[in-house]
Each structure stands twice: as C-alpha cells, then as structure tokens.
Amino acid sequence: MSSGLNRRKLFRYGSLFAAATAFSACSAQEHQDTTTPHTNDTSTSPTPTKHQPVTLRFANAAPTSSLDVATSGTLETARISAQVLEPLLRANVDTGLPEASLATKWDVSSDRLSYTFTLRNNVTFHDGTPFNADAVLKNYQRWVHAAADTTAYSHTDYLQLFSGVTAPDQRTPLVTDCKAVDEKIIFTLSRPSTSFIKALTQPAFGIASPASLNDEYHFKKLPVGTGAYTLKEWDGSTATLEASPTYWGTAPVIERLIISTISDSDKRYYALRNGDIDAYDLVAIDNYVPLARSGNLIQPRDPYAICYISINTDHPVLNKALMRQAIAHALDRHEVVRNNFPQGTNVANDFLPALFMMKNDDTRAYYNYDKNRAKEQLEASGYNGEELTFYYPTGVSLATMESPEAIYASLAANLVSIGLNIKPMPVPWNEGYLDVISQHSTERALALTGFVGSYRDPNAFISRVLAPTSEIVHSAEHSEATYIENGELEILEEPAPENHKLDAPTDEQPKDDTEAPTTEKDDAPAPDSTSLAELPREKITYPQILSAMRAADQINDVDKRRIAYQAINLHIALLMPAIPIAYPISSVALGPRVDYYPLSATGIANFASAKAHS
C-alpha cells in the first residue's frame, strides 16, 4: 500500500466514513407498515412482457446443515427461517420491544401468570393450511420437544421457556401450559417473567404449518410458514425464496431472494465487487478500506454478541475454581481483541453487552490478565500436566469471530505459556461444531464459542452461557447442587440450603456503564492484587444463581433489575463456567443495487422491508 497511513488508521477512517454514510442512509428510509393487508393492484395493463422479478442476492458467511431452527441453532439458519416462519410477536428493529405479528394483541393477567393472545384472522400457510389456534398448539408441542432434545445445540433456544432449569423447583418449566379458548391462545407460567414476551419474538418460535411437520415435529421437506417469502429451493448451500402471493401483510419490494454461502471473506468481497452478489454478511478487517474507497456502503451493527471460552466444569481438572481462575488470568484478552477483531470491539468482562448498562466493575478482577498470578494459582491447584482439550471451529467466519483459528492460536499460546498442556481439537464448522461442544462429556475441557443475542433481554445471554453448566448439574449421574467454596467447584450429596440468597436489589441508583466504542487501553490500571481477596467468597451455589436469575426476571423496575443482574454477573464470575473474551461488532456490505437494507443488531434482517432496483 503506497499511502503514508498505516492499515489500522485507514481502517479506522474507512469505518467512520462508512458508519456515517450508513446512518444517513438508514435515517432517510420510512418504516414499512407490516399490518397493512396485501393487495394486488390490477388497475393498469402494461404491455405483455416477461416480468423480471426484483432480485436480491445475499451471501451468508457460514454454512448451515439445516433450515430447521429446531435442529440448527446457527444465525444463518435463523436468518433464512425468519423470512418464511413468523412468530406470534416480532421485535421492533430499533427498540427490541415486542410488536404484533401473527398475534394482533396480548393481554396479561393481574398476577402475570397468564398471557392471552388474539390471533390474526384470514391468514393461511404457504401450503394452504389455515393458521389458527390448533396450528399454534402443534407448534407448542414442537417447542417442548426441541427443548428436550439435548443432542442438538439448538435446544438452548428453548430451555428458558420449556426446561426446568429456570423454574422455581428447577424441574417445572417456566411455561406450564398452552391451550386454545375461542381461537385465542393462553400461555400459563409458573412464575412472572419480564423476558417471556420478548423471548417469543425469536426466530426459534416461528409458527410452522402443521401439515409440514412429521411425527418428530421436524420438517418433512422444507420449512413452510406464513411469512412474506416461500422457500422454493435449498441445495444445502443456497436458498431460493420468492414473495408469497398470499401474504397477509405488505408485499415485499424484493420479489426473489437468493441467500448463498461464501465462507471465505475475500471471496465474499470479490463476489460483491464483481457484481455476483448484492450484499454480504461479515466484512473482514482488511476489506473495510477497499470497500469504502470503491463507494460500497458498509453498515456496522450495534455490538450485541459475545465471544467466550466455555469451560467444562465436569472435567476432572477444571472442576476446581483455582484452575478456572488460572486460565482466566493467563489470557491477554486485550491483545487478542486488538489483533483479531474489528475496530470498535470491546474486551468483555462479563456476558452482557453494554446496551444493557449492567456492568459490575468488580468482575474485571476475576478475568484480568495477570500471568504471575495465573502461575501461582496453577501451582496451588495441584495441576500436574494433565492434558486439556481445547475445541475450536474451522473453515468458517462468524459474527462472533471472523477468524476462529487465529483467535484460538492466540488464546492457546497464552495458556501454554503458564505451563498448561493444551491439546488442539479443531472441528470443521460444517460437521456440527456447535452440536459437538454442547454434548455432555468429561473429556472436553475448553471450547471457543459465541453467539449473537436473539432477543432484547439479559436472559438471552446469561441463560445460554449457563446452559452447559445447568445440564451438568441436572444430569442423572450427579446430585442436584453444585457450589463454589474456597475456590473449588464440588458436587454435594445434599442440596444447598434454601435460605441462602444472593444480594437482593435495592433502591440505590446504579452506575452508568456505557462504554466507548473502542477497545480498552492496555495501560489501564490493573486491580490491586488484594482486590480479589476483598471480593465476596461466600458459598455460591449454581441453583442459587438460577434463583437470583428468576427473581431478577420478575422485576419490572429498570433500575432495580439492573442492580439485580449486576450482582448475578459477579457471582457468575465466582463460579466461572466460562471466560468472556469480547463483544464483537460485525458489518454488512451493500452493492450499488441495494437502496435500503434493514440492519438489525441480532443479525436477522427482515428482507421483506429491503429495497433494491434492477
């Protein structure tokens, strides 16, 4: 490069220019009214010519093995499925708040245990099956079945509502019943839940045609829904969708949608420059500046994702908190983020993005880079060179990590430097990486992973991070209580005492935890070595953390809810079932034919509101 500016500076200027352009472009667009009935205007009679549908060609960065959200929990599966299957409620793209979709309104009982949904009339599935209460009940059974299917990573999307790990007795699910009364749907809950209504907006809860499902509640062929698009073809790599002529809402401008898979970031870039695609997901670090110079619009998403290391607390070595803490202190996460993530990515010191303003400053002491302390803890733990397997995905770019192999290499080098015996376990993404690392195993030690939040609530993050630990605690071969005391994770023969509670929320105003959109400086002062001793060291049980989450989920007051989750963040740091790495940002690149792209922090764009020209 002949310019006197280095690559980092060019990237920064290019990103700022692109972000400003994206903001002005988005501000100029009008929101679609999704409740307007669809009409076919035949008042004019154009000259009979073969109609060329307005087509948008979009490239995903990662392949998916299935288009069924109940069996594949990837962002790419959800992105395609969301164009076909509609949930009862959809999330507002700006606020994340629930809005009417297949349900036109909902009523909540005074005790907040009953939700009654009024269903939209005169809606049919793409196969002609009527949408009604019976169809919703069939899908309810599908969701319950998916929550129980622990062979698939996707079941974590359903755990919060249909698994016992978030219920008062940790056996009864949050949703205890779903019934139809006069063509209305009534959900009954075991406890009040602020997040319940938001969780229903996820693509995982899209309503499928009952006729399209087999006895196992999976699709017989392709997904069939009520959405703006019908799925015409999928060859395992490319999905072709066409606007539904029977859609109840506003007819989309984009009449044909082709979503392909291009895993290589440079190939995605050149496909856009050559006009082979119109838009693509996940702009690589090295491609921001060339795209900006060529006049391509780059739209960065708000950081609503987490990259982290999942720790198997059932591993015979990692069931000691000193070992898990040694691993955390060995990681130079600032260096990893600076070298492997786009500008604007923040180092994560908990599992909730800054949008929630729930950061607890005390958690940083548990994850801070301190190599000497890591070695001391390693020695104190009694580690004797046992092999630790470290899983990571290959052959893929993800919204949470553009280059997983490079990120793994940096993290593994840190761990080896303190004396850990790390065995690399690369798994091709297209061979079901997420399913592999979600299976219960005492041999897997660490796994590099991450996800994009699927709805606007802290439970969208914490519940998923804790899901592997919850399944260890409730597995048949273990007793019911897991606790951390004096630095060790142990299994008790008896449940922990019920009277032990985490800190309850108070009326104290929380600190504003808004972070600047840059990585933390390496010269930021590290916590004093005594700060760890000053932090809470009382017995912390996993069931008690779940109890605190249930209590926080019932709080409506924003400030009190924030304080409750700040306390939960600290106790998760004490238990340490995972180590946060970064809150990644990701971007979409647009070609000259795209007039408007409906960017969403969740990565699930509503292509029915996109605009393009021939």
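As the structure is a computational prediction, the values presented were derived from the model and not from experiment. (Residues numbered from 1 in each chain as written. Predicted model: local features only at pLDDT ≥ 70, side-chain atom pairs only at ≥ 80, totals over all residues. Heavy atoms only, no water.)

(A) Spatial organisation of the overall build of the chain. For the chain, the helix and strand inventory stands at 17 helices and 24 strands. Going through the 614 residues of the chain one by one, you find that 56% of them count as buried. For the chain, the share of sequence-separated contacts (at least 6 apart) that also reach a separation of at least 24 residues comes to 74%. Total accessible area on the chain is roughly 25,300 Å²; 49% of this is exposed by carbon and sulfur atoms. (Helix = DSSP H or I, 4+ residues; strand = E, 2+ residues; numbered from the N terminus. Buried < 20%, exposed > 50% of the residue type's maximum accessible area, 1.4 Å probe, protein only. Contact = heavy atoms within 4.5 Å. Areas by Shrake-Rupley, 256 points an atom, 1.4 Å probe, with all protein chains shown as cover.)

(B) Examining helix 6 (residues 265-273) more closely. Listing the buried residues of helix 6 in full gives Ser265, Arg268, Tyr269, Ala271 and Leu272. Taken around the axis of helix 6, the buried residues stretch over an arc of 165°, which confines them to a single face. The outward face of helix 6, more than 90 degrees from its buried face, is lined by the exposed residues Lys267 and Tyr270. Looking at the packing, one finds that the buried side of helix 6 touches strand 1 (55-60), strand 11 (279-281), helix 7 (288-293) and strand 22 (587-590). Glycine 275 sits one or two positions beyond helix 6 and adopts a positive phi of about 80°. (Arc of directions from axis to C-beta.)

(C) Region of the structure containing empty space enclosed by the protein. For the coordinates displayed, the defined rule picks out twelve cavities of 30 Å³ or more. Forming the walls of the largest cavity are 28 residues, and the residues nearest its centre are Gly73, Thr74, Leu75, Val452 and Arg464. With four residues, strand 17 (residues 444-452) is the single largest residue contributor to the lining of the largest cavity. The residue inventory of the lining of the largest cavity, partitioned by class, reads 15 nonpolar, ten polar and three charged. (1 Å grid on protein atoms, 1.4 Å probe; cavity = no way out; pocket = protein on both sides within 12 Å on 5 of 7 lines; lining within 4 Å. Points joined across faces, edges and corners; volume = space filled by probe spheres on them. Nonpolar A, V, L, I, M, F, W, Y, C, P; charged D, E, K, R; others polar.)

(D) Inspection of the sheet that holds strand 22 at higher detail. Strand order in the open sheet formed by seven strands is 8-9-10-1-11-22-12, and the pairing between neighbours is mixed. In the strand order of this sheet, the two ends are held by strand 8 (229-234) and strand 12 (297-300), each with one partner. If you compare each strand with its neighbour and ignore which way they point, the axes differ by 20° on average. Of the pairings in the sheet, the one linking strand 11 to strand 22 comprises three bridges and is antiparallel in character. (Pairing = 2+ DSSP bridges. Axes fitted to C-alpha atoms, helices over the stretch in contact; angles between N-to-C directions.)

(E) Focus on the pattern of salt bridges. Scanning the model with the defined rule gives 14 salt bridges in all. Salt-bridge contacts for lysine 198 lead to aspartate 457; the nearest nitrogen and oxygen are separated by 3.5 Å. One end of the pair, lysine 198, is in helix 5 (residues 196-199); the other, aspartate 457, is in the loop between strand 17 and helix 14 (459-473), and 259 residues separate them in sequence. In this structure, lysine 198 and aspartate 457 share a single accessibility class: buried. For aspartate 559, the salt bridge identified is with arginine 562, shortest N-O distance 3.2 Å. (Salt bridge = Lys/Arg side-chain N within 4 Å of Asp/Glu carboxyl O.)

(F) Just the sheet that holds strand 4 (residues 103-108), in detail. Spatial ordering of the open sheet is given by 4-5-7-6, a layout of four strands whose pairing is antiparallel. This sheet does not close on itself; its edge strands, each paired only once, are strand 4 and strand 6 (175-181). Across this sheet, the average inter-strand angle for adjacent strands is 20°, counted without regard to direction. Examined bridge by bridge, strand 4 and strand 5 (residues 114-119) share five bridges and lie antiparallel to one another.

(G) Molecular detail of the confidence of the model for the chain. Taken over all residues, the pLDDT of the chain has a mean of 82, while the share at 70 or more is 79%. The low-confidence segment residues 1-45 (pLDDT under 50) makes 55 contacts with residues lying over four places distant or belonging to another chain. Low pLDDT (under 50) marks residues 473-537, which in the prediction has 136 contacts with non-local residues, meaning those over four places away or in another chain. (pLDDT = per-residue confidence, 0-100.)

(H) Seen up close, the packing of aromatic side chains. All told, the structure shown has 24 aromatic pairs when counted by the stated rule. Ring geometry for tryptophan 143 and phenylalanine 205: centres 5.0 Å apart, planes at 85°, overall edge-to-face. Placement of tryptophan 143 in helix 3 (residues 133-148) and of phenylalanine 205 in the loop between helix 5 and strand 8 is noted, with a sequence separation of 62 residues between them. Using a relative accessible area of 0% as the deciding quantity, one classes tryptophan 143 as buried. In this structure phenylalanine 205 comes out as buried when scored by relative accessible area, which is 1%. (Phe/Tyr/Trp six-rings, centres within 6.5 Å; stacked < 30°, edge-to-face > 60°.)

(I) Focus on the packing of helix 16 (residues 542-553) against helix 17 (residues 558-575). One way to put it is that helix 16 packs onto helix 17 with a least axis distance of 9 Å and a crossing angle of 165°. By the criterion of interaxial angle, the relationship of helix 16 to helix 17 is roughly antiparallel. Like other packed secondary-structure pairs, helix 16 and helix 17 cross with a definite hand, here left-handed. Taking contact as the criterion, the partners of Tyr542, Ile545, Ala548, Met549, Ala552 and Asp553 in helix 16 are, on helix 17, Arg561, Ala564, Tyr565, Ile568, His571, Ile572 and Leu575. Along the lines of polarity and charge, the residues of the contact of helix 16 with helix 17 split into ten nonpolar, one polar and two charged. (Parallel < 35°, antiparallel > 145°, perpendicular 65-115°, else oblique. Left-handed = near helix turned anticlockwise from the far one by under 90°.)

(J) Looking closely at unusual backbone geometry. Even without a glycine there, the phi angle at aspartate 182 is positive, about 55°. Phi is positive for leucine 282, which is not a glycine, with a value near 65°. Inspection of the secondary structure assignment puts leucine 282 in the loop between strand 11 and helix 7. The class for leucine 282 is buried, based on a relative accessible area of 6%.

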